[in-house]
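Each chain, letter by letter, is given below.
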Amino acid sequence: MTTPITNDDVGLQKNPALQLSTKDAPAASSSTDKIIKNARAATENEHKMSLYQGIKLYPKAVMWSVLISTCIAMEGYDVCLVNNFYAFPAFNRKYGVLGSDGTYQVPASWQAGLSNGAAVGEIIGLFINGWASERFGYRRTILVCLTLIAAYTTIFFTAQNVQTLLAAEILCGVPWGVFQTLTITYASEVCPVALRGYLTTYVNFCWGLGQLIGIGVIKSMLKRSDEWAYRIPYGLQWMWPVPLFIGISLAPESPWWLVRNGRIEDAKRSLLRLTSLNRETNFDADETIAMMIHTTAVEKRLTKGASYWDCFKGKDLRRTEIVCMVWAIQNLSGNAFSNYSTYFLEQAGLNASSAYGFAMGQYAINMAGVFGAWFLMSIGIGRRSLYLFGLCGLCIMLLVMGFLGLVPEAHKSQASMATGSMMIVWALFYQLSVGTVCYSLVAEISTRRLQIKTVVLGRNLFNVVGIIVAVLTPYMLNPTAWNWGNYTGFFWAGLCFCCIIYTYFRVPEPRGRSFAELDLLFERGVSARKFASAEVDVFNETINLYTEDLAKDLSYMEKFGESYESH
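Conventions and cut-offs
- Residues numbered from 1 in each chain as written.
- Predicted model: local features only at pLDDT ≥ 70, side-chain atom pairs only at ≥ 80, totals over all residues.
- Heavy atoms only, no water.
- Helix = DSSP H or I, 4+ residues; strand = E, 2+ residues; numbered from the N terminus.
- Contact = heavy atoms within 4.5 Å.
- Areas by Shrake-Rupley, 256 points an atom, 1.4 Å probe, with all protein chains shown as cover.
- Salt bridge = Lys/Arg side-chain N within 4 Å of Asp/Glu carboxyl O.
- Buried < 20%, exposed > 50% of the residue type's maximum accessible area, 1.4 Å probe, protein only.
- Polar contact = N/O pair within 3.5 Å; in protein donor to acceptor, adjacent residues only side chain to side chain.
- pLDDT = per-residue confidence, 0-100.
- Core = buried A, V, L, I, M, F, W, Y, C linked by side-chain atoms within 4.5 Å.
- Patch = residues over 30% accessible without salt bridge, like charges linked within 9 Å, V, L, I, M, F, W, Y side chains within 5 Å.
- Axes fitted to C-alpha atoms, helices over the stretch in contact; angles between N-to-C directions.
- Parallel < 35°, antiparallel > 145°, perpendicular 65-115°, else oblique.
- Nonpolar A, V, L, I, M, F, W, Y, C, P; charged D, E, K, R; others polar.
- Expected span 1.5 Å × (residues − 1).
- Left-handed = near helix turned anticlockwise from the far one by under 90°.
- Phe/Tyr/Trp six-rings, centres within 6.5 Å; stacked < 30°, edge-to-face > 60°.
- Lys NZ or Arg CZ within 6 Å of the ring centre and 35° of its normal.

Counting secondary structure elements, the protein chain contains 27 helices and 4 strands. Contacts in the protein chain between residues at least 24 apart in sequence constitute 82% of all its contacts with a sequence separation of at least 6. When the accessible surface of the protein chain is totalled, it reaches about 22600 Å², and 63% of it is carbon and sulfur.

Written out as structure tokens, the structure is:
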């Protein structure tokens, strides 16, 4: 049962600007009235739409979203390659230096550079995406990036020294950075509320898919000692861009992007390409377009500009902070530690092939975790609840891994096996909650008008934190450095606990809310803990809240909206 928002709930005093009666608001044109009426109808239909009805009405949107999300698999694939090539003798002979023990090794400084080079490129690509996708559209931006990936893979395949490899990592990182956010925003904008959580989180499945393929290729190359042990995996990166380019070139543009750019007729055509008309859902394309127009008009009143700086102004600062922290918590909750399951399993006596087999199992579990998260969402568990209770479970397991460090030296092998196995369980729990739900939260919490830029800022914080923990974690575990071993679990458990506190007080529940409703809830400063129960009607309050300016924004549709008069 919902509870209405009161001024006391949101910390507001009686404000005449929020209390205008209808007679005080300026008269809106008949076209504006029609748009608001249709927007209300579309919003009500989306609230009533079940998951099955959404799939039945939007099967093409599901298909196009799945195709575009697959682009992120390329990054997951490459991440697996570079960190595992350091164990390949042929790779070390080609790109390493001869050590005093007579073996070739890639110097630690270059290992750090190669491992983090892609992240540096991604940071650049993310900022470029914030401008390019809004300027040229989602589809064109992705097609250009796929072309760049195909070209830059040539550098990987033909690299003659480690410097060239680093250049390839940075250059490929630029389009990968674009994929990191554009796949999420496209998924959130082509589907209704009923499908939004599923299609945005599918991006995480694609990440796991790329990692699984990558670790499988690495495992198959373990017996090779020639240069093809690393050239074949690099060359296989060409298998992604061409089929994706062909498919995505046929995909429709986001109707939300088209509405924001005033291309209303194109938006309607794009929406019809995403749907299969079905009377069961009472779908009307004009009503859905009207909802997009109405939400865009509301957001223009709430957000005066659309630059990166506007993400830090007024009410949008809170949304930017939450999106950034939701991304960062993925790395702050111990994910970097769990990636060392192979390290602990090898310490327990497993050979390299068996350890990689366990790693493949972990990545397969990661993918299965996405489906598990879908099931939990389908039975009514909200994003906030999954994220919060998931962090609680992760924190407990990190503490257990830390206490395993107290096992006597005589049983260290068993402790290592237990730690490595628990890391795999940790990874499953992570994917059931934080790892998967994050993608839905960042797509829903940001405003449409600033979504690309807000998600870019969040993902860049994720990358920066990722670089830091990627540098620190080896020091924590390496016997020649800090040598914390299992006690590293205590460190990450402490950080994870801080993440739990933040999530409880700051992360709201967006489940079942339209974008306009989320805009108004943030505008009114509703507490994160009251988002799920707060009652809000954007159509009864919109004109009173934004008066004449909103009416002017909606009236610009008159020159496009003659078709509304005939409905």
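Another aspect to go through is the pattern of salt bridges. All chains considered together, the criterion is met by 13 salt bridges. Where Arg260 meets Glu134, a salt bridge forms, and the shortest distance between an N and an O atom there is 3.1 Å. Taken together, the positions of Arg260 in helix H13 (residues 255-260) and Glu134 in helix H7 (residues 108-136) put the pair 126 residues apart, joining distant regions of the chain. Since its relative accessible area comes to 18%, Glu134 is described here as buried. The salt bridge partner of Arg448 is Glu189, with a shortest N-O separation of 3.9 Å. With Arg448 in the loop between helix H22 (434-445) and helix H23 (451-477) and Glu189 in helix H9 (residues 162-189), this pair connects stretches of sequence that are 259 residues apart.

Moving on, we get to unusual backbone geometry. If you check the backbone angles, Asn483 has positive phi at about 55° while not being a glycine. Inspection of the secondary structure puts Asn483 in the loop between H23 and helix H24 (488-506). Given the relative accessible area of 45%, Asn483 is considered partly exposed.

With that out of the way, let us pick up the side chain of Thr503. Here Thr503 is to be found in helix H24. Residue Thr503 is classed as buried on the basis of its relative accessible area of 0%. A polar contact of 2.9 Å, which involves the side chain of Thr503, links it to the backbone oxygen of Cys499.

Confidence in the prediction for the protein chain averages 83 pLDDT; 87% of positions are at 70 or higher. Confidence over residues 1-28 falls short of pLDDT 50; this stretch has 37 contacts with residues more than four positions distant or in other chains. Contacts for the low-pLDDT stretch residues 542-548, under 50 throughout, to residues beyond four places or in other chains number 23 contacts.

Met74, Phe91, Phe179, Trp327, Tyr387 and Leu391 are the most contacted members of the largest nonpolar core, which has 149 residues in total. Leave out the neighbours within four places in its chain, and Phe179 touches Cys71, Ile72, Met74, Ile142, Cys145, Leu146 and Ile149.

Before going further, it helps to examine a nonpolar patch on the surface. On the surface, a cluster of nonpolar side chains totalling about 1100 Å² of accessible area is made up of Leu399, Phe403, Leu406, Val464, Ile468, Val471, Leu472, Tyr475, Trp482, Trp484, Tyr487 and Phe491. Of all the secondary structure elements, the ones that give two or more residues to the nonpolar patch are helix H20 (383-403) and H23. If one sorts the elements of the nonpolar patch by residue count, H23 sits on top with 5 residues. Considering the arrangement of structural elements, one finds Trp484 in the loop between H23 and H24. On the basis of relative accessible area, Trp484 is assigned to the partly exposed category, the value being 31%.

Our focus in this paragraph is the packing of H20 against helix H21 (residues 412-432). Interhelical geometry of H20 versus H21 gives an angle of 170° and a closest axis separation of 9 Å. Put simply, H20 runs roughly antiparallel to H21. In contact with Leu386, Phe389, Gly390, Gly393, Leu394, Met397, Leu398, Val400 and Met401 of H20, H21 contributes Thr419, Met422, Met423, Val425, Trp426, Phe429, Tyr430 and Leu432. Looking at the contact of H20 with H21 residue by residue, the class counts come to 14 nonpolar, 3 polar and no charged.

Our next topic: helix H16 (residues 316-332). Helix length check: H16, at 17 residues, gives a terminal C-alpha distance of 24 Å against a target of 24 Å (1.5 Å per residue), a fit within 8%. Counting buried residues along H16, 13 of its 17 residues qualify, which places the element largely inside the surrounding structure. One or two residues past the end of H16 sits Gly334, with phi positive at roughly 110°.

Residue position: Arg319 is located in helix H16. Sequence-distant contacts of Arg319, that is, excluding residues within four places in its chain, are made with Glu444, Ile445, Ser446, Thr447, Thr454, Leu518, Asp519 and Phe522.

Right, let's get into the packing of helix H5 (residues 73-85) against H9. Where H5 contacts H9, the axes come no closer than 10 Å and their chain directions differ by 145°. Between H5 and H9 the crossing geometry is left-handed. Note on element contacts: H9 touches H5 through Glu169, Trp176, Phe179 and Gln180, opposite Met74, Glu75, Asp78 and Val82. Class assignment of the residues belonging to the contact of H5 with H9 gives a composition of 4 nonpolar, 1 polar and 3 charged.

Okay, the environment of Phe157 next. By secondary structure assignment, the location of Phe157 is in helix H8 (residues 138-158). With 77 residues separating them in the primary sequence, Phe157 and Tyr234 have C-alpha atoms 5.8 Å apart. Residues contacting Phe157, with those up to four places away along its chain left out, are Trp228, Arg231, Gly235 and Trp238.

In total, this model carries 28 aromatic pairs according to the counting rule given. Three or more aromatic residues link up through ring pairs in this structure, and these residues are Phe85, Phe91, Tyr95, Phe156, Tyr230 and Tyr234. Above the plane of the ring of Phe515 lies Arg196, whose end atom (NZ or CZ) is 4.5 Å from the centre.

Looking at Glu189, the relative accessible area reads 1%, which means it is buried. For Glu189 and Trp257, which are 68 residues apart along the polypeptide, the C-alpha to C-alpha distance reads 8.3 Å. Contacts of Glu189, omitting those with residues within four sequence positions, involve Tyr138, Ser254, Pro255, Trp256, Trp257, Arg260, Arg448 and Gln451.

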